[in-house]
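Analysis of the macromolecular model
Each chain, letter by letter, is given below.
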Amino acid sequence: MAKSTLKFKDSVAAFEALRAEIAARRFAPIYLLMGEESYFIDALCEQLSSSILTPAEQSFNQITVYGKDSDAGQVVNLCRQMPMMGSHEVIILKEAQQLRQIEKLTHYTSKPQPSTILIICHKEKTLDKRSALYKQCQKEGVVFESVRPRDYEIGPWLTQFIQRKGLGIAPKAVQMLTDHLGCDVAKLSSEIDKLMLALPVGTKSITDQHIEQNVGISKEFNNFELCNAVAVWDVERAMRIADHFARNPKDNPLLVTVMALYSLFRDMFIINYLRWLSKHKGQPMPSEGELMRILKKSNPYAVRELSQQSTRWPNRKVFTVLGLLREYDGKSKGIDTGGMNDGELLRELLLKIFMQ
């Protein structure tokens, strides 16, 4: 089956549109919620399960079954039942990817009942889009595909997610959270919900101090600060951060640090190359807005800072550093470490970078 070409931003837009439809009580007879990112599937399923029926109606007319413990015939039979003392029956099929002979659901999806709303939560992967089941769900109801974000997409999403809650967030705070939690949308959402409960009344923007106080991530010892120290050749500060990482290896895995440094040097390489084209080939240097698009950055300050930092690192050095980072990416996964732990490997890597 061909890999999905849907982008994370398209998935987010579809998620918001579907949330609005549900809030307006415009329900479809079938919902196929599928894909690798479970957060959006769970959020839509929860909204549907709490919106269609009243709490009293749910006791009689809302049934949740799990794919591992059910079969397609059982689900079809449930869908064909008539609601008791209400207008709708809601059948929620969770973990549908584990349902035996899932294609047999076509016995129902080919002609769904007006009084039944079937919600299929198919996680970890998408349903085969060539299948009859997929095509029938698309024809008779709503199909939502949940796509996982790439590393450069998670920061802009997190910023917008917080803005929809009526708050701003500083770029450093975004970097601290995404470095700590990666691209895990569910964990980021949960952490923000907990953080908002702890923020002082009247807070308008989340800062690095808020993250340090409430999430437990140091505002001084993190990958954001390490990358800044390396970019401006502050050897002492970089090694001090590396020592902190070595004392707290579980909170600061080497692989995440290598990825952060790789992103920094990749961006500087691109800026230096564009600057070279401007100087030697007469091509105009891209505007700040265009650079934001090229580098996939949502903050103009970050682009301005990268442009300044890149002047310290000519591409002949950057190219060598990128090679080092590829080597230490392998070491962070246990390849040819020579018995060194993550802390020792990071110190060695930084010294080699500063020797360029």
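As shown above, the structure is provided for reference.
The model shown is predicted, which means the values in this text are computed figures rather than measured ones. Counting starts from 1 at the beginning of each chain's written sequence and moves along it residue by residue. Reporting in this predicted model follows two pLDDT cut-offs: at least 70 for local features of residues, and 80 or more for side-chain atom pairs to be given and counted; totals over whole chains, interfaces and linings ignore these cut-offs and use all residues. Excluding hydrogens and water, the side-chain figures rest on all heavy atoms present in the structure.

A separate point is the nonpolar core. One recurring pattern in soluble globular proteins: nonpolar side chains tend to sit buried together. In this text, buried Ala, Val, Leu, Ile, Met, Phe, Trp, Tyr and Cys residues form a nonpolar core when linked through side-chain atoms within 4.5 Å. We call a residue buried when its accessible area falls under 20% of the maximum for its residue type, exposed when it is over 50%, and partly exposed in between, using a 1.4 Å probe and counting protein chains only. Counting 44 residues, the largest nonpolar core has Leu33, Phe40, Ile119, Trp157, Leu158, Ile206 and Ile211 as the members making the most contacts within it. Breaking this core down by element, the ones donating at least two residues are α1 (8-23), β1 (30-35), α2 (38-51), β3 (89-94), β4 (116-123), α7 (151-163), α8 (171-181) and α9 (185-198). What Ile119 contacts, discounting residues up to four positions off in sequence, is Tyr31, Leu33, Cys45, Leu48, Ile52, Val90, Ile91, Ile92 and Leu93. Core analysis: the next-biggest nonpolar cluster, separate from the first, contains 39 residues, Ala229, Val230, Ala242 and Leu295 among them. Only runs of H or I of at least four residues qualify as helices and only runs of E of at least two qualify as strands under DSSP, and these elements are numbered from the N terminus. Contact between two residues is taken to exist if any of their heavy atoms lie within 4.5 Å; hydrogens are not considered.

Any residue with relative accessible area above 30% and no salt bridge may belong to a patch, with like charges joined within 9 Å and the nonpolar Val, Leu, Ile, Met, Phe, Trp and Tyr side chains within 5 Å. Using a 1.4 Å probe, the Shrake-Rupley method yields the accessible areas, and only the shown protein chains count as cover for residues. Within this document, salt bridges are pairs made up of a side-chain nitrogen of Lys or Arg and a carboxyl oxygen of Asp or Glu, the two lying within 4 Å of each other. Taken together, the side chains of Phe60, Met84 and Met85 present a nonpolar region at the surface, about 360 Å² in accessible area. Tracing the sequence through the fold places Met84 in the loop between α4 (72-79) and β3. With relative accessibility at 47%, the residue Met84 sits in the partly exposed group.

It is the contact of helix α12 (residues 235-247) with helix α17 (residues 342-354), at a shortest axis distance of 9 Å, that shows an interaxial angle of 165 degrees. In terms of axis orientation, α12 runs roughly antiparallel to α17. The hand of the α12/α17 crossing is right-handed. Taken together, the residues of α17 that come into contact with α12 (itself represented by Val235, Ala238, Met239, Ala242, Asp243, Phe245 and Ala246) are Gly343, Leu346, Arg347, Leu350, Leu351 and Phe354. When residues are sorted by character, Ala, Val, Leu, Ile, Met, Phe, Trp, Tyr, Cys and Pro go into the nonpolar class, Asp, Glu, Lys and Arg into the charged class, and all the rest, Gly among them, into the polar class. Of the residues in the contact of α12 with α17, the class split is 10 nonpolar, one polar and two charged. Angular values range over 0 to 180 degrees, each being the angle between N-to-C directions of two axes fitted as lines to C-alpha atoms, with helices fitted over their stretch in contact. Angles are sorted into four bins: roughly parallel if under 35 degrees, roughly antiparallel if over 145, roughly perpendicular if 65 to 115, and oblique for all others. For any pair of crossing helices, the crossing counts as left-handed if the nearer helix is rotated counterclockwise from the farther one by less than a right angle, and right-handed if it is rotated clockwise.

Turning our attention to the environment of Met292. Tracing the backbone shows Met292 in helix α14 (residues 288-295). Residues Met292 and Glu225 lie 67 residues apart in sequence; the distance between their C-alpha atoms is 21 Å. Once you skip the residues sitting within four places of it in the chain, Met292 turns out to touch Lys297, Ser298, Asn299, Pro300 and Val303.

Attention shifts here to the sheet that holds β4. Strands are labelled as partners when DSSP assigns at least two bridges between them. Ordered by their spatial adjacency, five strands build an open sheet running β2-β3-β4-β1-β5, and the pairing between neighbours is parallel. What marks the edges here is a single partner per strand, and that holds for β2 (62-66) and β5 (142-146). Within the sheet, the average angular offset between the axes of one strand and its neighbour, ignoring direction, is 10 degrees. Here five bridges tie β2 to β3, and the two strands are oriented parallel to one another.

Let us now look at helix α13 (residues 254-280). Under the 1.5 Å per step criterion, the end-to-end length of α13 is 38 Å for 27 residues, consistent within 8% with the ideal 39 Å. Just beyond α13, the residue with positive phi is Gly282, at close to 75 degrees. Each residue after the first adds 1.5 Å to the expected span of a helix.

Now for a positive patch on the surface. Charge counting follows a simple rule: Lys and Arg are positive, Asp and Glu are negative, and His as well as the terminal groups are ignored. Charged groups are reduced to one reference atom each: NZ for lysine, CZ for arginine, CG for aspartic acid, CD for glutamic acid. A grouping of Lys7, Lys9, Arg150 and Lys296 is seen on the molecular surface, where their side chains present a positively charged patch. Within the fold, Lys9 resides in helix α1.

Under the pairing criterion, centres of Phe, Tyr and Trp rings, with the six-membered ring standing for Trp, must be within 6.5 Å; the plane angle then separates stacked pairs below 30 degrees from edge-to-face pairs above 60, leaving the rest tilted. Summed over all chains, the structure comprises 11 aromatic pairs. With centroids separated by 4.4 Å and ring planes inclined at 15 degrees, the aromatic side chains of Trp233 and Trp313 adopt a geometry described as stacked. In this pair, Trp233 is assigned in the loop between α11 (223-231) and α12 and Trp313 in the loop between α15 (300-310) and α16 (315-332), connecting sequence segments 80 residues apart. Where Tyr273 meets Trp276, the ring centres are 6.3 Å apart and the plane angle is 10 degrees; that geometry is what we call stacked.

Along the chain, Tyr152 falls in helix α7. When the C-alpha positions of Tyr152 and Lys297 are compared, they lie 7.6 Å apart, and in sequence the two are 145 residues distant.

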